Amino acid sequence: MTPAMPFPETLLEALTRARHVVAFTGAGISAESGVPTFRGPEGIWSKFKPEELASMDAFVRNPALVWEWYTHRKTIIAAVQPNQGHIALARMERLFPRFTLITQNIDNLHRRAGSTRVHELHGNIERSYCMTCGRPCPDVSLSGQGQIPRCQACGGIIRPDVVWFGEMLPEDEWNASAAAAAAADVFFSIGTSAVVYPAASLPLMAKRSGAYLVEVNTEPTPLSGQADECLLGPSGSILPSLYEAVATRRHKVND
Ligand code: BJW
Ligand code: ZN
């Protein structure tokens, strides 16, 4: 049982009346599972500059280094479990008439927690494809000898199916996410530093279209000043507690 946490009445009221809720997540939601975030003292980027690893230039310059990084992260992700924050969002899918989950994460932990409809804006680490013929190549990594993976059909270089800096986001996922943001009654921005665009524009689009904007983060971000509510703390504690508070109220309203 999650310990009760006091939430502002305005937030509980907005969630009790909401028909369409959107949750937009970043690396912070997976931090309590043991997946490192990108920025900050513990982040992946404290050891590497983003352009050194997450760009096509970096991949062309040193594909083995980039593959080493993704292979390392795949190993971490395969060994961890979704946390209470992921699980609370999966449960929220069944609480509201319409619930949209949008993630910048590539770790697949939302699906593993039970969320069934997930818009992945920056791809998925479990997928890869051949840069020459486009063939999907699941479950590839750097070999023990440090060889980069090659396509079995054409010999081309395989890359992870993720979105690097300077690359376009998947069009369908972006369009669906932008439409959901514009139609949201309540929009949650959870565990993201809100600095990488165009993803970081979604909370602002939602707010402009009249959504009640809620940020859940252990630290303030550039978005905090725009939020109607900033819930400061770990998402693995805040989200389950909020779920319990809202589920009780919504069930009462529907009884
Ligand atoms: C907790 C917690 C706990 C911790 N509970 N919270 C100048 C201005 C504006 C834009 C640009 C610019 N120059 C270039 C651009 C565009 C660029 C961009 O935005 N750059 C900025 C960084 C300056 N964007 C792009 O290039 C995008 N494409 C694009 O724009 O296309 C159009 C175009 C095409 C061609 C030419 C020109 C334009 C693509 C961006 C792709 C980002 N890719 C990555 C890697 C994905 C693959 C992989 O994972 O390896 O996506 S980078 C990385 O950042 C990853 C993340 O999804 C993304 C966001 O990070 P996130 O999730 O916010 O993580 P953190 O670590 O930053 O934050 C964690 C947060 O959690 C913190 O706030 C903590 O406090 C919090 N937290 N524990 C709650 N327990
Ligand atoms: Zn190929």
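Nothing here was measured: the structure is a model prediction, and the numbers come from that model. (Residues numbered from 1 in each chain as written. Chains lettered and ligands numbered in written order. Predicted model: local features only at pLDDT ≥ 70, side-chain atom pairs only at ≥ 80, totals over all residues. Heavy atoms only, no water.)

## A word on the packing of helix H8 (residues 171–183) against helix H9 (residues 201–208)
Heads up, the rule is: Lines fitted to the C-alpha atoms define the axes, with helices restricted to the stretch that makes contact. Angles between their N-to-C directions range from 0 to 180 degrees. For the purposes of this entry, the term helix denotes a DSSP run of H or I that reaches at least four residues, the term strand denotes a run of E that reaches at least two, and both are numbered from the N terminus. Any two residues having at least one pair of non-hydrogen atoms within 4.5 Å are treated as being in contact. Amino acid classes used here: Ala, Val, Leu, Ile, Met, Phe, Trp, Tyr, Cys and Pro are nonpolar; Asp, Glu, Lys and Arg are charged; the rest, including Gly, are polar.
Contact geometry for H8 and H9: axes closest at 8 Å, N-to-C directions at 35°. Counted together, Trp 174, Ser 177, Ala 178 and Ala 181 of H8 and Ser 201, Leu 202, Met 205 and Ala 206 of H9 form the full contact between these two elements. For the contact of H8 with H9, the class distribution of residues is six nonpolar, two polar and no charged.

## A short note on the domain arrangement of the protein
This is how it is decided: Marked domain ranges trace back to an automatic or database domain assignment. Each of two parts loses accessible area, computed with a 1.4 Å probe, when they are put together; buried area is these two losses added. We define a salt bridge as a side-chain nitrogen of Lys or Arg found within 4 Å of a carboxyl oxygen belonging to Asp or Glu.
For the protein, the assigned domains are domain 1 (1–35 + 82–122 + 169–255) and domain 2 (46–79 + 124–162). Averaged C-alpha coordinates put domain 1 and domain 2 at centres separated by 30 Å. At the interface, nine residues of domain 1 touch nine residues of domain 2. Of the roughly 730 Å² buried between domain 1 and domain 2 on both sides combined, carbon and sulfur atoms contribute 51%. In this assembly, domain 1 and domain 2 are joined by one salt bridge.

## Notes on the coordination of the zinc ion (ligand 2)
Let me state the cut-off plainly: Water is absent from the atoms considered, so a metal site may look incomplete; donors are defined as N, O and S atoms within 2.8 Å of the metal, or 3.2 Å for Na, K and Ca. The geometry test gives tetrahedral to four donors whose angles all lie between 85 and 135 degrees, gives square planar to four donors and octahedral to six donors whose opposite members are over 155 degrees apart with all other angles between 65 and 115, and gives irregular to the rest. Only protein chains enter the accessibility calculation, which uses a 1.4 Å probe. A residue is then buried if its area is under 20% of the maximum for its type, exposed if over 50%, and partly exposed in between.
Only Cys 130 (SG), Cys 133 (SG), Cys 151 (SG) and Cys 154 (SG) from the protein reach the zinc ion (ligand 2) as donors, at distances of 2.2 to 2.4 Å. Coordination at the zinc ion (ligand 2) comes from four donor atoms whose angles at the metal span 99 to 118°, giving a geometry best classed as tetrahedral. Donor residues binding the zinc ion (ligand 2) come from one chain and are separated in sequence as C-x2-C-x17-C-x2-C. Among the residues examined, Cys 130 registers a relative accessible area of 1% and is labelled buried. Judged by its relative accessible area of 42%, Cys 133 is partly exposed.

## Focus on the pattern of salt bridges
Within the structure shown, the criterion is met by nine salt bridges. A salt bridge links Arg 127 to Glu 120; the shortest N-O distance between them is 3.6 Å. Overall, the relative accessible area of 5% leaves Glu 120 in the buried class. Put simply, Asp 228 and Lys 207 hold a salt bridge, and the shortest N to O gap is 3.0 Å. With Asp 228 in the loop between strand S7 (212–217) and strand S8 (229–232) and Lys 207 in helix H9, this residue pair connects regions lying 21 residues apart in the sequence. On the basis of relative accessible area, Asp 228 is assigned to the partly exposed category, the value being 32%. Salt bridges here are not isolated pairs; linked through shared partners, they connect Glu 9, Glu 13, Arg 17 and Arg 249.

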